[in-house]
Amino acid sequence: MKKIIVLLLALCMAGAFAGCKNGSSSGDGGGKASEREDVVISLKSDPKTFDPVSTSTSSANTVMFQIYDSLIHMNEEFEVEPRLAESYKVSDDEKTYTFKLAEGVKFHNGEALKASDVVYSIKRAQKSPYTSAYVDSVDYAEAVDDNTVAVHLTDVDASFLEKIQIIMIVNEKTVKDAGKSYADHPVGTGPYKFVSYKAGVEVKLTRFDDYYRGAARIKDVDYQIITDDNTATVNLRTGDVDAGSFARASYDEVMNEPALTVADWSANSLYYFAVNNEVAPFNDPIVRQAINYAIDREYIAEVETNGLSKITSVMLPPSVFGYSDEINQTYTYDPDKARELLKKAGIKTPMEIGTIKIPEGDGKNAAEALQQCLSEIGLEVEIEILEQNKFYDETDFGDYEIAWCQISLLRDADSYSILFTSDQIDGMNTARYSNPKVDKLFTQAKATTDQKERLRLYAEVFNLIGEDAAYIPVYVPTNIYAYNKNLKIDVLEPSVQFVYDMHWN
């Protein structure tokens, strides 16, 4: 489960974002920016590998989406834009997608892109724990001819295009010839070629002049690996780094930095507490409802994000297709209501209800706030901080009472079904929640391409989930990104910024 969670979090690069704001003021930003042909960007962690089926980190994918391309790209309006596929068509039964590849596409080694490379890339993705979730509905892919690929699905999958855009296309011959060393010598069709990698220090790329969409405007890319947010902030303010994320606590200072532009937008992710639905007293939905009323979401969002978030009591980010005003089973901060529900459930307080488990380095403030909220309604809990691998090992298989979690999936509510469906218990369904009607509604929504009907079904299913209080959703974070005021970014993406869209003014 851990691999899939991090993968989905990292690869939500096509998710919609709302309210993106730019803030900047006067300043020279270093001068003569238009003469520059390079850019320095910070990475929050070491990528370690550059094989798209061998990693799940956001930093690796940030780099790899410069090196590789996918068949299509879906923009913030849910419109399909061509990439390696110049067009596609769907069969009458909606189970076969046929992609026509763009002409003249070359890999960085000079080899021409062929349909067989696409078929090979999909097969590799199906075998990988990091990417199989994106091709779970694919039966098989075949090369109709050198420029045409047919992808056959086992069943209708309304989110197929959203998922297939995540699959990066590799050169079959290069991968097979390189063997295990391929991860250190990646070859793609993207706008940038791999140059070098120094573990824990930097990754360097350079422009691929034969890129099929036209050569990028920036020639050289230097990704600096900076794991500390405060250090990243200092490097942005001094100009040692041209673009990257920064410490939330420094938001106001960075916003007022004359040489920087700041963008912020509502993320396609969710922070929440999972409660083990199989363990007493959490096996009673009335108790889970009580906890949802007891929690002060505003306070937790403030202490965790410095106010850079929006509270929610719905287990679906507003940017995801499927979210609508018809989802009205929500919770407000109401300790008195929580106490009434505990009494209704037959809970005698004070009562010890176990432990809040959190992964090392994340969620301590949130856990302490929940501990205080629960104490106010007579429920006592301890807090346990676990090494991340141990945290996932225990929460994956139900060895917990309450756990602090975060997730970011695709821009389609179908991807969130893995948090709720019965077949994902001992998998992504950390709450171990089971409701046959919820299972059925998710299946129905996936099997129809009528978007209005899908919205109706998702409203019904998330209202049921809210009524059952399967989880305790808390907030949707705000993403923050700063860059040199003379660096222009044509399209700001929610997770991965494409250097191809950057240029100096």
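Criteria and thresholds
- Residues numbered from 1 in each chain as written.
- Predicted model: local features only at pLDDT ≥ 70, side-chain atom pairs only at ≥ 80, totals over all residues.
- Heavy atoms only, no water.
- Pairing = 2+ DSSP bridges.
- Helix = DSSP H or I, 4+ residues; strand = E, 2+ residues; numbered from the N terminus.
- Axes fitted to C-alpha atoms, helices over the stretch in contact; angles between N-to-C directions.
- Buried < 20%, exposed > 50% of the residue type's maximum accessible area, 1.4 Å probe, protein only.
- Parallel < 35°, antiparallel > 145°, perpendicular 65-115°, else oblique.
- Left-handed = near helix turned anticlockwise from the far one by under 90°.
- Contact = heavy atoms within 4.5 Å.
- Phe/Tyr/Trp six-rings, centres within 6.5 Å; stacked < 30°, edge-to-face > 60°.
- Lys NZ or Arg CZ within 6 Å of the ring centre and 35° of its normal.
- Core = buried A, V, L, I, M, F, W, Y, C linked by side-chain atoms within 4.5 Å.
- Polar contact = N/O pair within 3.5 Å; in protein donor to acceptor, adjacent residues only side chain to side chain.

Caption draft 1: The arrangement of the sheet that holds strand β6 (residues 96-101) in detail. Spatial strand order, β5-β6-β8-β7: 4 strands in an open sheet with antiparallel pairing. The sheet is open, and its two edges are formed by β5 (85-90) and β7 (138-145), each paired on a single side. Averaged over all pairs of adjacent strands, the angle between strand axes in this sheet comes to 20°, irrespective of strand direction. Of the pairings in the sheet, the one linking β7 to strand β8 (residues 148-153) comprises 6 bridges and is antiparallel in character. Across the sheet, residue E142 finds its bridge partner in β8, namely A150.

Caption draft 2: Up close: the pairing of strand β10 (residues 202-207). Taken across its 6 residues, β10 has 5 buried, putting it largely inside the fold. When strand β9 (residues 192-198) meets β10, the two strands line up antiparallel, connected through 6 bridges. Each residue of the ladder has a partner; that of Y192, found in β10, is R207. Alignment of β10 against strand β11 (residues 220-225), held across 5 bridges, turns out to be antiparallel. Of the residues in β11, the one forming a bridge with T206 is D220.

Caption draft 3: Fine view of the packing of helix α8 (residues 285-294) against helix α10 (residues 335-344). Two numbers describe how α8 lies on α10: the axes approach to 8 Å, and their chain directions differ by 165°. Taken as axis vectors, α8 and α10 run roughly antiparallel relative to one another. For α8 against α10, the interelement crossing comes out left-handed. Residue-level contacts link I286, V287, Q289, A290, Y293 and A294 of α8 to P335, K337, A338, L341, L342 and K344 of α10.

Caption draft 4: Representation of the pairing of β5 within the structure. For β5 and β6, the ladder comprises 5 bridges, and the chain directions are antiparallel. Bridge assignment links A85 to a residue of β6, and that residue is L101. In textbook terms, the turn of a hairpin is the stretch between consecutive antiparallel strands, and for β5 and β6 this stretch comprises 5 residues, one of which, E94, has a positive phi near 65°.

Caption draft 5: Expanded view of the environment of G104. With respect to the element layout, G104 can be found in the loop between β6 and α3 (115-127). Separated by 106 residues in sequence, G104 and D210 have C-alpha atoms that sit 9.3 Å apart.

Caption draft 6: Structural context of the side chain of D51. Within the secondary structure, D51 is located in the loop between β2 (38-43) and α2 (58-67). Those residues within four positions of D51 in sequence are excluded, and the remaining contacts are M64, Y68, R124, Y182 and A183.

Caption draft 7: Looking closely at the packing of aromatic side chains. Overall, the coordinates contain 22 aromatic pairs when judged by the stated rule. With centroids separated by 6.0 Å and ring planes inclined at 35°, the aromatic side chains of Y88 and F99 adopt a geometry described as tilted. Separated by 11 residues along the polypeptide, Y88 in strand β5 and F99 in strand β6 bring together distant segments of the chain. For the pair F442 and Y458, a centre-to-centre distance of 6.2 Å together with 55° between the ring planes defines the contact as tilted. Of this pair, F442 sits in helix α13 (residues 436-446) while Y458 sits in helix α14 (residues 451-468); the two residues are 16 residues apart in sequence, bridging distant segments of the chain. You'll find F442 and Y458 in the same group, each marked buried. The ring centre of F78 lies 4.0 Å from the NZ or CZ of R411, which sits over that ring.

Caption draft 8: Quick peek at the nonpolar core. Grouped together as the largest cluster of nonpolar side chains are 40 residues, with contacts concentrated most on I41, L205, Y223 and V499. A total of 5 residues in this core trace back to one element, the largest contributor, which is α2. Ignoring anything within four residues of it in the chain, the contact list for L205 reads V63, Q66, I67, Y192, K193, F194, V195, K219, D220, V221 and Y223. Membership of the second largest hydrophobic core comes to 39 residues, among which are Y272, Y400, F442 and V476.

Caption draft 9: Seen up close, the environment of E401. Checked against the element boundaries, E401 lands in the loop between α12 (388-396) and β18 (402-407). In this structure E401 comes out as partly exposed when scored by relative accessible area, which is 22%. Separated by 126 residues in the primary sequence, E401 and V275 have C-alpha atoms spaced 5.8 Å apart. Residues contacting E401, with those up to four places away along its chain left out, are A274, V275, N276, V279, F282, I353, G354 and T355. A distance of 2.9 Å separates a polar side-chain atom of E401 from the backbone nitrogen of T355.

Caption draft 10: Looking closely at the environment of V262. With respect to the helices and strands, the residue V262 is situated in strand β13 (residues 260-266). Owing to a relative accessible area of 0%, V262 belongs among the buried residues under this scheme. On a C-alpha basis, the gap between V262 and A243 in space is 9.7 Å, while along the polypeptide they are 19 residues apart.

Caption draft 11: View of unusual backbone geometry. Cis geometry marks the peptide bond from A280 to P281; its omega dihedral reads 5°. Here the bond from T349 into P350 is cis, since omega is 5°, no more than 30 degrees from zero. Among the secondary structure elements, P350 is positioned in the loop between α10 and β16 (351-359). One non-glycine residue, K48, lies in the positive phi region at around 70°. With respect to the helices and strands, K48 occurs in the loop between β2 and α2. One non-glycine residue with positive phi stands out, namely N306, at about 60°. Turning to its location among the elements, N306 is positioned in the loop between α9 (297-305) and β15 (309-311).

Caption draft 12: How the structure looks around α2. Summarising burial for α2: 9 of the 10 residues are buried, a large majority. Taken residue by residue, α2 has S59, A60, N61, T62, V63, M64, F65, Q66 and I67 as its buried positions.

Caption draft 13: Representation of the side chain of S319. Within the secondary structure, S319 sits in the loop between β15 and α10. A distance of 3.1 Å separates a polar atom in the side chain of S319 from a polar atom in the side chain of N268.

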